[in-house]
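Observations on chain architecture
Chain residues, written in single-letter form:
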Amino acid sequence: MSKEYADKFATDIPKTYTPRDAEDRIYSAWLNSGFFAPENLPGERKEKFVTCIAPPNITGELHMGHALELTLQDIIVRMKRMQGHRTLWLPGTDHAGIAAQNVVEKQLAKEGTNRHELGREKFLERMWQWRDQYGGAILEQLKKLGLSVDWTRTKFTMDPGYQEAVKTAFLHYYQKGWIYKGTRVINWCIRCATAVSDLEVNYVTEKGKLYFIKYGQFTIATARPETKLGDTALAVHPEDQRYKEYVGKELEIESVNNSVSAEQPAEPKKVKILVVADETVDKEFGTGIIKVTPAHDLTDFEISQRHNLASIKIIDERGRMNENAGIRYQGMKTAEAREQIIKDLEAIDLVEKIEEYEHNVGRCDRCNSVIEPLPSEQWFLKMRELAKLALEAVESSRVKIHPPRWEGPYKHWLNNVRDWNISRQLWWGHKIPIEGENDVLDTWFSSALWPLATLGWPLLRQGSGGQASKNDFEEYYPTDFITSDRSILFLWQVRMIFSGMEFTGQSPFKDVYVHATVLTKDGKRMSKSLGTGVNPLELIEKYGTDALRFGLASQATGLQDLRFGEDLLVMGRKFANKFWNIARYVLIKLPEDYTWKIKKSPQDLQSEIVSKLDGLAVNITKNITQYEFAEAANSLYKFVWHEFADKYIEESKDKNDQETYDTLAYLTVTCLKLLHPFMPFVTEEIWSKIPIPGKNLLLVENWPS
Ligand SMILES: [Zn+2]
């Protein structure tokens, strides 16, 4: 390199790399190249490589879980693209039924109105307005992570084509007789006024009381004495010797007379109650005998099904005691009724003792209100055959779960799955396609079709798909892998697998990668509301995207949760600068007429450091393919820092021969390529400064192994 060029380079590029100056410019260059879309990629590409983003909710805000998940996904996608695959990474958003409806309902409340006053049609207009205005914000935030997704194919779970897919799937199940309407105990959110899925209930340990209440000669421990009014049996474990003689017998016991108004003193009354034996009763809990309230407890409901017990609903959809609770309690909120009934039972000497107690209370994932299990008429999808399909897909290795330790919980869940309550009492979502039906489908019903519907299923067969989607299903389905946090393995991946198997006979992807959960440095859950959340956008502003990506990848072992501290980003930023300075040194050191090469010929360069790097490239490729991101990132870090910089560059300072030049050039180019998936911006920026004739963007250069 001439003195002049070297000086120019030295002034062109300051000694430290400034991400803020480069990132947006580079991202625009990638977008303008069109290379995120598979059909625009250079060269002949026989093999495809396809993955879909886990669609964030339109109400979503970028958090560290996204940053980790999408960085790892992008690392794989970028490597595959450089390896010469026809690479498609499809983005989009989820309409997020209950979450999105809550946002707009809150707006309406501020305006002093509500959805019922507005009416369904007007309300849905408001929903779409909100979605058009704010629903894309999360995607703009994702761009800051440098993701190489094909934005020209962005999908939304309520696009017209997607709606068609949902309808097709529903009617398919319906015609098979797998969808039925039934009354079952479901989780009901009193505030959201809808059924919520079992997996959308957060169980939180809370302080409460355990009441020991006399039932004839027995004492029963319960945290919810107000549900006593809906008891239809007592249950014991079949092998519990203490109660064996009572099983199958009806006992006459003393209870409280609920037909006397609450203004009057409490008085006793006799009631009859059956004792049943059921395997699910825990002999060790309390006194080993439980009361069974089929209408207000999911487990009790199942006991009642097995023993043909009656079910008495005593709590209504607003969380108040109804007429079946008797005039003494009718109209009270459950908490009030609990206080009243304890007072009453104490008055007639039916309370043995009250203890402080910590128990799990189910709270709504969306609004944190207490969940009330209630019997309700809902639509259900039979899970028997679908669960078999999902089990078979994993057992036959049509789909592999990584890390494999998730296979156990996957099978366990499917072997114990209940029929899926697919109806929600909301307005925002896919309306159940049956005349006269007002409910919408659970948002996971549509998410379950994501890899199919985003690629154009089933419209293509009818020839009415959009330009992009028309051939996508044939060309790109099934996809190669999907990734997500473990918290949605059962909500999402499982359902995509059985949907794919049912509708296409194929698993929608070959691999499921369950990534780690990002925790705080001291192992706490990250949450905005708890004040333990970290905003990735602020970190990007401070350290640059590459530092964030590298810091996260360096900790992604797949074995344990990731404890996040800003030191990871300090390390990532130092590493980006280190490589920047290595490249700067090499560019200044090499003579002006030096010919840079993209590849080396095999007979060149047989030194130890070159073969070390070649071996490393093979291992890194293997690591990334097997989702061992930390291994790949850390071995690359060690090589660049300790072998390349500390040893080779130091030794090269006094040497000016061809082999030294060739080696420096080769190490620089190869490390740039290997680092690119992890640190796409700084590597692309350096690449743009290297005078290689005929080079393309680093994004599409050849992978080194
Ligand atoms: Zn709620």
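Looking at an unreviewed UniProt entry, one finds the chain named valine--tRNA ligase. Of the chain, the UniProt comment under Catalytic activity (unreviewed entry) reads exactly: "tRNA(Val) + L-valine + ATP = L-valyl-tRNA(Val) + AMP + diphosphate". Quoted verbatim from the Sequence similarities (unreviewed entry) field of UniProt, the annotation for the chain is "Belongs to the class-I aminoacyl-tRNA synthetase family."

1. Observations concerning the overall build of the chain
Helix and strand counts for the chain stand at 24 helices and 22 strands. Across its three principal axes, the chain shows a C-alpha extent of roughly 105 × 55 × 55 Å. Looking at the 705 residues of the chain, the share that counts as buried comes to 57%. The contacts in the chain between residues at least 6 apart in sequence include a share of 76% that link residues at least 24 apart. Accessible area for the chain stands at about 30600 Å²; split by element, carbon and sulfur atoms hold 47% of it. For the chain, the centre of its 91 positive side-chain charges and the centre of its 99 negative side-chain charges are spaced 1 Å apart.

2. Notes on the domain arrangement of the chain
Segmentation of the chain into domains returns domain 1 (3–14 + 532–700) and domain 2 (195–372). With centres defined by C-alpha atoms, the gap from domain 1 to domain 2 works out at 65 Å.

3. Focus on the packing of aromatic side chains
Two numbers describe a pair of aromatic rings. These are the distance of the centres and the angle of the planes. Under the definition given, this model contains 38 aromatic pairs. Measuring from centroid to centroid gives 6.0 Å for Tyr 594 and Trp 596, while their planes differ by 85 degrees, and the two rings are edge-to-face. Accessibility expressed as a relative area gives 5% for Trp 596, which makes it buried. Joined through ring pairs, the aromatic side chains of Phe 170, Tyr 173, Tyr 174, Trp 178, Trp 379, Trp 420, Phe 445, Trp 457, Phe 498 and Phe 503 make up one cluster. When the ring centre of Trp 30 is taken as origin, the NZ or CZ atom of Arg 78, which lies over that ring, is 4.2 Å away. One residue, Lys 228, lies across the ring of Tyr 215, its end atom 4.4 Å from the ring centre.

4. As for the layout of surface pockets
Taken as a whole, the second largest pocket encloses approximately 1600 Å³ of empty space. Among the elements of the structure, β7 (201–215), β8 (218–222), β12 (289–292), α9 (298–307), α10 (334–347), β13 (351–364) and β14 (371–381) are those that each provide at least two residues to the lining of the second largest pocket. Broken down by class, the residue content of the lining of the second largest pocket amounts to 18 nonpolar, 14 polar and 17 charged.

5. Quick word on the sheet that holds β13
Pairing within the open sheet is antiparallel, and its 3 strands lie in the order β8-β7-β13. Looking at the sheet topology across the chains shown, the edges are occupied by β8 and β13. On average, adjacent strands in this sheet sit at an angle of 20 degrees to one another, irrespective of strand direction. Looking at chain direction, β7 and β13 are connected through 13 bridges and run antiparallel. Across the sheet, residue Val 204 finds its bridge partner in β13, namely Val 361. Relative to β13, α10 is tilted by about 165 degrees, and along the sheet it contacts β7 and β13.

6. Topic: the coordination of the zinc ion
A four-donor tetrahedral metal ideally has 109.5 degree angles, and a six-donor octahedral metal ideally has angles of 90 or 180 degrees. Each protein donor to the zinc ion is listed here as Cys 189 (SG), Cys 192 (SG), Cys 364 (SG) and Cys 367 (SG); together their distances run 2.2 to 2.4 Å. Classification of the site at the zinc ion as tetrahedral follows from its 4 donor atoms and the range of 102 to 119 degrees in their angles at the metal. Overall, the relative accessible area of 4% leaves Cys 192 in the buried class.

7. Re the sheet that holds β14
One open sheet holds the 4 strands; their spatial order is β6-β5-β14-β16, and the pairing between them is antiparallel. Pairing within the sheet leaves two strands with one partner each, and these edge strands are β6 (194–196) and β16 (420–421). Across 11 bridges, the pairing between strand β5 (residues 179–189) and β14 is antiparallel. Following the sheet pairing, Tyr 180 is matched in β14 by Phe 380.

8. Quick notes on the pairing of strand β2 (residues 86–90)
Most of β2 sits out of view: 5 of its 5 residues are buried. Burial along β2 is two-sided: Arg 86, Leu 88 and Leu 90 facing one way and Thr 87 and Trp 89 facing the other are all buried. As paired strands, strand β1 (residues 48–52) and β2 are joined by 5 bridges and run parallel to one another. By the bridge assignment for β2, Phe 49 is matched with Thr 87.

9. What about helix α11 (residues 384–395)?
The first and last C-alpha atoms of α11 sit 16 Å apart over 12 residues, in line with the 16 Å expected at 1.5 Å per residue. In the core, the buried residues of α11 are packed alongside α8 (160–175), β14, β15 (400–402), α12 (407–415) and α17 (489–504). Positive backbone phi, approximately 60 degrees, marks Ser 397, located one or two places after α11.

10. Let's talk about empty space enclosed by the protein
On inspection of all chains with the given rule, the structure shows 6 cavities of 30 Å³ or more. There is about 80 Å³ of room inside the second largest cavity. The wall of the second largest cavity is formed by 14 residues, among which Ile 98, Arg 424, Leu 426, Asp 442 and Thr 443 lie closest to the centre. Secondary-structure elements contributing two or more residues to the lining of the second largest cavity are α4 (97–110), β6 and β18 (440–441).

11. Focus on the nonpolar core
Counting residues in each nonpolar core, the largest one holds 159 residues, and the members touching the most others are Phe 445, Phe 564, Trp 596, Ile 624 and Phe 678. Of all the elements, helix α22 (residues 629–652) adds the most residues to this core, at 11 residues. Counting 35 residues, the second-largest nonpolar core is a separate cluster that includes Val 236, Tyr 243, Ile 314 and Met 321.

12. Regarding the pairing of strand β20 (residues 511–515)
Here β20 lies mainly inside the structure; 5 of its 5 residues are buried. On β20, burial covers both faces: Asp 511, Tyr 513 and His 515 on one face and Val 512 and Val 514 on the other are all buried. Bridging between strand β19 (residues 481–485) and β20 involves 5 bridges; their strand directions are parallel. Residue pairing in the sheet places Thr 483 in a bridge with Tyr 513 of β20. For the segment spanning β19, α17 and β20, crossover handedness is right-handed.

Thresholds applied
Here the residue numbers are simple positions, counted from 1 along each chain's written sequence. At least 70 in pLDDT is required for a residue's local features to be given in this predicted model, at least 80 for side-chain atom pairs to be given and counted, and no such filter applies to totals for whole chains, interfaces and linings, which use all residues. Values shown for side chains rest on all heavy atoms present in the structure; no hydrogens or waters enter the calculation. UniProt positions are given in the numbering used here, feature names are shortened, and annotations may be inferred rather than shown by experiment. Secondary structure elements follow DSSP: runs of H or I of four or more residues count as helices, runs of E of two or more count as strands, with numbering from the N terminus. Only protein chains enter the area calculation, which uses a 1.4 Å probe; residues under 20% of their type maximum are buried, those over 50% are exposed, and those in between are partly exposed. Pairs of residues are marked as contacts when any of their non-hydrogen atoms sit within 4.5 Å. Using a 1.4 Å probe, accessible areas were evaluated by the Shrake-Rupley method; residue-level cover was limited to the displayed protein chains. Positive charges are assigned to Lys and Arg, negative charges to Asp and Glu, while His and the chain termini are left out of the count. Charge placement uses NZ in Lys and CZ in Arg. For Asp and Glu, CG and CD serve respectively. A domain assignment, automatic or from a database, supplies the domain bounds used here. Only Phe, Tyr and Trp rings take part, Trp by its six-membered ring, and two of them pair if their centres are within 6.5 Å. Stacked means planes under 30 degrees apart, edge-to-face means over 60, and tilted covers everything else. Two limits define a charge over a ring: the Lys NZ or Arg CZ must be within 6 Å of the ring centre, and within 35 degrees of the ring normal. For cavity detection a 1 Å grid was placed over the protein atoms alone, and a set of points counts as a cavity when a 1.4 Å probe fits there but cannot get out; an open set counts as a pocket when protein lies on both sides within 12 Å along at least five of seven lines, with lining residues being those that have an atom within 4 Å of a point. Grid points are joined across faces, edges and corners, and a volume is the space filled by probe spheres set on the points. Three categories are distinguished: nonpolar for Ala, Val, Leu, Ile, Met, Phe, Trp, Tyr, Cys and Pro, charged for Asp, Glu, Lys and Arg, and polar for the others, with Gly belonging to the last. Criterion used throughout: strands pair if DSSP finds at least two bridges between them. Where helices are involved, their axes are fitted lines through C-alpha atoms of the stretch in contact, as for all axes, and angles between N-to-C directions lie from 0 to 180°. Here the coordinating atoms are restricted to nitrogen, oxygen and sulfur within 2.8 Å of the metal centre, or 3.2 Å for Na, K and Ca, and because water is not among them the sites may look incomplete. The rule is simple: four donors are tetrahedral if all their angles sit between 85 and 135 degrees, four are square planar and six octahedral if opposite donors span more than 155 degrees and the others lie between 65 and 115, and anything that fits none of that is irregular. Each residue after the first adds 1.5 Å to the expected span of a helix. Only buried Ala, Val, Leu, Ile, Met, Phe, Trp, Tyr and Cys residues count toward a nonpolar core, and they belong to the same one when joined by side-chain atoms within 4.5 Å. Orient the strands so they point away from the viewer, and a crossover whose first-strand-to-second-strand path over the helix runs clockwise is right-handed.

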